[in-house]
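Now for the letters of each chain:
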Amino acid sequence: TRHPACVITFLSNPQILVSDLATNAAGCLTETIGVPASPAWSPDGGRLVFSSDEGNGPQLFVLDFGSEKSQGGFARWSTGYRYATDPAWSPDGEHIAFTARSAGGWLVAMKTFPSGPTRVIQRGGRHPSWSPNGRYLIYVQDGDLHRHDLVTGARKTLVTQFGEISEPRWAH
């Protein structure tokens, strides 16, 4: 993509910045008192999902660029959880996987975008990432790397007892 998104901190206030590699221009997309993190582009580059903590725990927000329904700003995207972070778009753009926290602890979940049911993938998991074909999610649980087959529901441990794994990402 020619528009990388990142979190940059100005005077101890993090914001999401997007850069245009063709023009070397950059712009701040968020102006919030919250703490935005984990920006992730939709596969078509038309939306950016990120988490932001506005004081009550992180929630997911979506910036919509150029669609007919775009309001030019970002909107909170309801996941069904009071704490949601680490968003990742499915390769087809139809789902977002994320880390949530519930009374029972961490979990990896996914939800159809823009609305639909939320599906818990793995209790105890964190930091989901989609396979390029959209069939699998990888995530971390108890420091180990696991793969979940979204078609069969089978789970496979990929890396174990190799140190503390964090924020895995598939190559696309």
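Note: the structure precedes this text.
This is a predicted model, so every value here is computed, not measured. (Residues numbered from 1 in each chain as written. Predicted model: local features only at pLDDT ≥ 70, side-chain atom pairs only at ≥ 80, totals over all residues. Heavy atoms only, no water.)

Chemist: I'm lost on the sheet that holds strand β9 (residues 95–102) in this one. Help?
Modeler: Within a sheet, adjacent strands bond to each other through the backbone by hydrogen bonds, running parallel or antiparallel. Judged by pairing direction, the sheet is antiparallel, and its four strands sit side by side in the order β8-β9-β10-β11 without closing on themselves. The open sheet is flanked by β8 (84–89) and β11 (118–123), the only strands paired with a single partner. The sheet shows a mean angle of 25° between the axes of neighbouring strands, taken without regard to direction. The sheet contact formed by β8 and β9 spans four bridges and is antiparallel. Residue pairing across strands places alanine 88 opposite alanine 97, the latter belonging to β9. (Pairing = 2+ DSSP bridges. Helix = DSSP H or I, 4+ residues; strand = E, 2+ residues; numbered from the N terminus. Axes fitted to C-alpha atoms, helices over the stretch in contact; angles between N-to-C directions.)

Chemist: Looking at this structure, I do not really get the sheet that holds strand β7 (residues 74–77). What am I missing?
Modeler: With antiparallel pairing, the four strands of this open sheet are ordered in space as β4-β5-β6-β7. Only two strands of the sheet have a single partner each, and these edge strands are β4 (35–41) and β7. The mean angle between the axes of side-by-side strands here comes to 30°, regardless of whether they run parallel or antiparallel. Bridge count between strand β5 (residues 47–53) and strand β6 (residues 58–64): seven bridges; the pairing is antiparallel. Across the sheet, serine 51 pairs through a bridge with leucine 60, a residue of β6.

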